Amino acid sequence: MAALRYAGLDDTDSEDELPPGWEERTTKDGWVYYANHSEEKTQWEHPKTGKRKRVAGDLPYGWEQETDENGQVFFVDHINKRTTYLDPRLAFTVDDNPTKPASRQRYDGSTTAMEILQGRDFSGKVVLITGANSGIGFETAKSFALHGAHVILACRNMTRASEAVSRILGEWHKAKVEAMTLDLALLRSVQNFAEAFKAKNVSLHVLVCNAAVFALPWSLTKDGLETTFQVNHLGHFYLVQLLQDVLCRSAPARVVMVSSESHRFTDISDSSGQLDFSRLSPSQNDYWAMLAYNRSKLCNILFSNELHRRLSPRGVTSNAVHPGNMMYSSIHRSWWLYTLLFTLARPFTKSMFGKVDILYPVVIRIL
């Protein structure tokens, strides 16, 4: 009981309580066996119930399985900085022959990314996230890194990106996370990033196009295009095209475009129903910041749909997501009026740790 209490598992079921002298253990692959110290023997069946059991799922968040110098498995709780030879999953064992499969998990507005990824092992998966040094991009990057993925933060500001990497490593020192320079407002930077990424000779299983700007005053990039349009859409469009061959070689792979419900409140067609290119990169006289943002988000969805149509036969799927009614992020930092409005709305919205940051993992969960 002392060992159970130390691992936080002292709430036991009387039917499964072991007789004196018995100990419950697990194998590396999750099967439960029982050691009889009095007779110095082991068996698969529970000494009282006669049932065979196995642990359900992977280790809880923050736990890691290791082997000591004698070859015995022990468990490290990185959150509480402790070790134990008792498998924390013993509180969630299931019978060897369950009568019926568990029903599909349903998620709601209070579900977090960590809850969705519970028990998932993304070891060997490479995840690339743009704009991942803050906001929901950072929360998404952290969630994948803490579940074993090799995460690359593609950011314009390398100082802030390095700080984000340090924050993730501070939570788990073995996290595989790095930062690379990517400025979506400069197409040459996008090209340089793609070349640098390919030079790593790694796969790409998940590409999350998250970076965005909002409520910017009118300006042109060095490429001569309106900034909101280039950063939110065209830069990502170009990035996906440059990495398309890597995605296909890494199949099954997935592209996630972070769009917005605001795409419904705009149009990019002229009176005849044809695409009006002047609306994508408008002149200063025709520019309205909110409308430019909405149009860029509509472009995200149209691109995602077409990308899925073209690449899904090759094992690369694409999804566009709305990050939820989440106001508390830094996307509104460009204009004080929007900052004031978002601040007033904050009590009525979800934080980055709630509804919003679950959407990317929901889409990616099948990988």
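Above: the structure in question.
To keep things clear, this report deals only with the structure shown in the data block. Keep in mind that what you see is a predicted model, and the values were worked out from it rather than measured.

1. Some details on the pattern of salt bridges
Thought 1: The tally for this structure, following the rule as stated, stands at twelve salt bridges.
Thought 2: Residue Lys198 pairs with Asp245 through a salt bridge whose shortest N-O separation is 3.5 Å. Separated by 47 residues along the polypeptide, Lys198 in helix α5 (residues 187-199) and Asp245 in helix α6 (residues 227-249) bring together distant segments of the chain.
Thought 3: Given a relative accessible area of 35%, Lys198 falls into the partly exposed group.
Thought 4: Here Asp245 falls in the partly exposed class, since its relative accessible area comes to 34%.
Thought 5: Each member of the salt-bridge network shares a partner with another, and the members are Glu64, Glu66 and Lys174.

2. Examining the sheet that holds strand β10 (residues 150-155)
Thought 1: In spatial order, the strands read β11-β10-β9-β12-β13-β14; together these six strands make up an open sheet with parallel pairing. Both edges of this open sheet fall to β11 (176-181) and β14 (316-321), since each of them pairs with a single strand only. Pairwise comparison of adjacent strand axes, ignoring direction, gives a mean angle of 15° for this sheet.
Thought 2: Sheet analysis places strand β9 (residues 126-130) next to β10, joined by five bridges and oriented parallel. Residue pairing in the sheet places Leu128 in a bridge with Ile152 of β10.
Thought 3: Lying over the sheet, α5 contacts β9, β10 and β11, oriented at roughly 145° with respect to β11.

What counts, and at which threshold
Residues numbered from 1 in each chain as written. Predicted model: local features only at pLDDT ≥ 70, side-chain atom pairs only at ≥ 80, totals over all residues. Heavy atoms only, no water. Salt bridge = Lys/Arg side-chain N within 4 Å of Asp/Glu carboxyl O. Helix = DSSP H or I, 4+ residues; strand = E, 2+ residues; numbered from the N terminus. Buried < 20%, exposed > 50% of the residue type's maximum accessible area, 1.4 Å probe, protein only. Pairing = 2+ DSSP bridges. Axes fitted to C-alpha atoms, helices over the stretch in contact; angles between N-to-C directions. Contact = heavy atoms within 4.5 Å.

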